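As a plain string of letters, each chain reads:
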Amino acid sequence: MQSIQRNGTTARYSDSVVHGGIVYLVEVPASSDGDVAIQTREILDSLARQLNAAGSAPDRILSATIYLTDMADYARMNAVWDAWVPSGSAPSRACVQVVGLADPGWRVEIAMTAATR
Amino acid sequence: MQSIQRNGTTARYSDSVVHGGIVYLVEVPASSDGDVAIQTREILDSLARQLNAAGSAPDRILSATIYLTDMADYARMNAVWDAWVPSGSAPSRACVQVVGLADPGWRVEIAMTAATR
Amino acid sequence: MQSIQRNGTTARYSDSVVHGGIVYLVEVPASSDGDVAIQTREILDSLARQLNAAGSAPDRILSATIYLTDMADYARMNAVWDAWVPSGSAPSRACVQVVGLADPGWRVEIAMTAATR
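Residues numbered from 1 in each chain as written. Chains lettered and ligands numbered in written order. Predicted model: local features only at pLDDT ≥ 70, side-chain atom pairs only at ≥ 80, totals over all residues.

Caption draft 1: Region of interest: the overall build of chain A. What chain A contains, in helices and strands, is two helices and seven strands. Listing every helix and strand of chain A by position from the N terminus yields β-β-β-α-β-α-β-β-β. Since a compact globule built from 117 residues should have a radius of gyration of about 13 Å, the 14 Å found for chain A is in line with a globular shape. Projecting the C-alpha coordinates of chain A onto the three principal axes gives extents of approximately 45 × 35 × 20 Å. Counting across all 117 residues of chain A, residues that qualify as buried make up 47%. The contacts in chain A between residues at least 6 apart in sequence include a share of 75% that link residues at least 24 apart. (Helix = DSSP H or I, 4+ residues; strand = E, 2+ residues; numbered from the N terminus. Rg over C-alpha atoms; globule rule 2.2 N^0.38 Å. Buried ≥ 20, exposed ≤ 12 C-beta atoms within 10 Å, placed from the backbone. Contact = placed C-beta atoms within 7 Å.)

Caption draft 2: View of the relation of the copies chain B and chain C. Between the two copies, chain B and chain C, the superposition gives an RMSD of 0.0 Å; the rotation angle is 120° and the shift along the axis is 0.0 Å. Considering both components of the superposition, the chain copies are consistent with a three-fold axis. If distances are taken from each C-alpha of chain B to the rotation axis, the shortest is found for Val-98 of chain B, at 3.1 Å. Little of the interface of chain B is mirrored in chain C, where only 8% of its interface residues are also at the interface. (Least-squares fit on C-alpha atoms with pLDDT ≥ 70 in both.)

Caption draft 3: View of the relation of the copies chain B and chain A. Each copy superposes on the other: chain B lies on chain A with an RMSD of 0.0 Å after a rotation of 120° and an axial shift of 0.0 Å. Little of the interface of chain B is mirrored in chain A: 8% of its interface residues are interface residues there too.

Caption draft 4: Quick peek at the interface of chain B and chain A. Across the boundary between the two partners, chain B contributes 24 residues, which contact 24 residues of chain A. Elements supplying a minimum of two residues to the side of chain B that touches chain A: strand 4 (61–68), helix 2 (74–84) and strand 5 (92–97) of chain B. Ranked by residue count, the leading element in the side of chain B that touches chain A is strand 5 of chain B, at six residues. Here the residues of the side of chain B that touches chain A are counted per class, giving 13 nonpolar, seven polar and four charged. Across two bridges, strand 6 (residues 100–101) of chain A lies against strand 5 of chain B in antiparallel orientation. Within the sheet, the bridge partner assigned to Leu-101 of chain A lies in strand 5 of chain B and is Val-96 of chain B. (Nonpolar A, V, L, I, M, F, W, Y, C, P; charged D, E, K, R; others polar. Pairing = 2+ DSSP bridges.)

Caption draft 5: Just the confidence of the model for chain A, in detail. Predicted confidence across chain A gives a mean pLDDT of 98, with 100% of residues reaching 70 or more. As a predicted assembly, this complex carries a pTM of 0.98 together with an ipTM value of 0.98. (pLDDT = per-residue confidence, 0-100.)

Caption draft 6: View of the interface of chain B and chain C. In this assembly, 24 residues from chain B lie in contact with 24 residues from chain C. Elements with a minimum of two residues in the side of chain B that touches chain C: strand 2 (16–19), strand 3 (22–27), strand 6 (100–101) and strand 7 (108–115) of chain B. For the side of chain B that touches chain C, a count of residues per class yields 14 nonpolar, eight polar and two charged.

Caption draft 7: Spatial organisation of the sheet that holds strand 2 (residues 16–19) of chain C. Pairing within the open sheet is mixed, and its seven strands lie in the order 6(B)-5(C)-4(C)-7(C)-3(C)-2(C)-1(C). Looking at the sheet topology across the chains shown, the edges are occupied by strand 6 of chain B together with strand 1 (4–7) of chain C. The pairing of strand 1 of chain C with strand 2 of chain C spans four bridges and is antiparallel. Counted as the bridge partner of Asn-7 of chain C is Ser-16 of chain C from strand 2 of chain C.

Caption draft 8: Quick peek at the pairing of strand 3 of chain B. Residue and element names in this part refer to chain B. Judged by how many residues are buried, strand 3 sits mostly within the fold: six of six residues are covered. Alternating positions in strand 3 separate into two faces, Ile-22, Tyr-24 and Val-26 on one and Val-23, Leu-25 and Glu-27 on the other, with burial throughout. Bridge count between strand 2 and strand 3: four bridges; the pairing is antiparallel. From the neighbouring strand, Ser-16 faces strand 3, where its bridge partner is Leu-25. What sits between the antiparallel neighbours strand 2 and strand 3 is a turn of two residues, in which Gly-20 has the positive phi angle 60°. Looking at chain direction, strand 3 and strand 7 are connected through six bridges and run antiparallel. For Val-26, the partnering residue across the bridge sits in strand 7 and is Ala-111.

Caption draft 9: View of the pairing of strand 4 of chain B. Residues and elements named next belong to chain B. Counting buried positions along strand 4 gives eight out of eight residues, so the element sits mostly inside the fold. With seven bridges connecting them, strand 4 and strand 7 associate as antiparallel partners. Note on strand 7: the bridge partner recorded for Thr-65 is Ala-111. What joins strand 4 to strand 5 is helix 2, and the crossover it makes is right-handed. (Right-handed = clockwise from strand over helix to strand, strands pointing away.)

Caption draft 10: Structural context of the packing of helix 1 (residues 36–53) of chain A against helix 2 (residues 74–84) of chain A. Residue and element names in this part refer to chain A. Between helix 1 and helix 2, the shortest axis-to-axis distance is 8 Å and the interhelical angle comes to 30°. The pairing of helix 1 with helix 2 is recorded here as roughly parallel in orientation. Crossing of helix 1 against helix 2: the hand is right-handed. Of helix 2, the residues touching helix 1 (which contributes Val-36, Ala-37, Thr-40, Arg-41 and Leu-44) are Arg-76, Met-77, Ala-79, Val-80, Trp-81 and Trp-84. (Axes fitted to C-alpha atoms, helices over the stretch in contact; angles between N-to-C directions. Parallel < 35°, antiparallel > 145°, perpendicular 65-115°, else oblique. Left-handed = near helix turned anticlockwise from the far one by under 90°.)

Caption draft 11: Inspection of the sheet that holds strand 6 (residues 100–101) of chain C at higher detail. Strand order in the open sheet formed by seven strands is 1(A)-2(A)-3(A)-7(A)-4(A)-5(A)-6(C), and the pairing between neighbours is mixed. Because the sheet does not close on itself, it has two edges, and the strands there are strand 1 (4–7) of chain A together with strand 6 of chain C. Packed onto the sheet, helix 1 of chain A meets strand 1, strand 2 (16–19), strand 3 (22–27) and strand 7 (108–115) of chain A and runs at close to 25° relative to strand 7 of chain A.

Put into structure tokens, the structure is as follows:
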């Protein structure tokens, strides 16, 4: 039976889960009052830390789902995203506008899968 | 070529798909008039049955995406979720509020991936 | 380290990503003024091409997430979808209504994972 490694596990979720060479992770903003650029930066900074801690890296991202609460934030989210993604390493990516996230101040949430090194 | 096992397959979807040691599944409520606690329980009961039938188990869940139609249901959905997840086995989890699901009475839908035993 | 193959890579996304026998892809409509049947057809035609180019095929789909901007489009999207999915090969599938997609004219967006041959 292939082992599962869970990081930052609570009763509700794990910060990341590693199995079979794949890392599964979801990140929400650290702040609930920043604008979308700040919140996207917070998320991507945290994802980079978690990827590295899980034996992966930003250039090993496979897929991403970006949930925005306002599509008017699209360009500003993308400016941060495009600068963060290592050149030549962009994942398969969906981006949709949802009604809301768990905290009313959150403007963005990102789910990802990545390959370990 | 690695085989794909499909369970409960219709022209539109399969209840679960197993490939390479991973189970992919999505569940919707059995009822369309229950409150969110009842519907979440219905979904998680069905997911547990499907996971076991597919050679996995609730403590092997890797990732989950929870779609709610009203974030006011968040706490009641979580109460059922937190009690259902085996201790120490919480997955990577995203939770978003969408406009609606395929049946107007559904308040929650859950997509998951899990590892086989 | 298991290699990652990326196709159609920009600074923001890849059309598809292949790793460990799994293809990750997301497709949006080619047109922003077609109705949902036309847009779904455009997406599925493109997904079929991308799957084949990535060493997979429509009968190797594992999971799909369908984002609609209006659940009133559900039946017409499904008519195209049901006809496209090879018999006996339907994936695990979630379908939700979101507020909007990146282009205001898009009525549908589909994310998929598939197994290579």
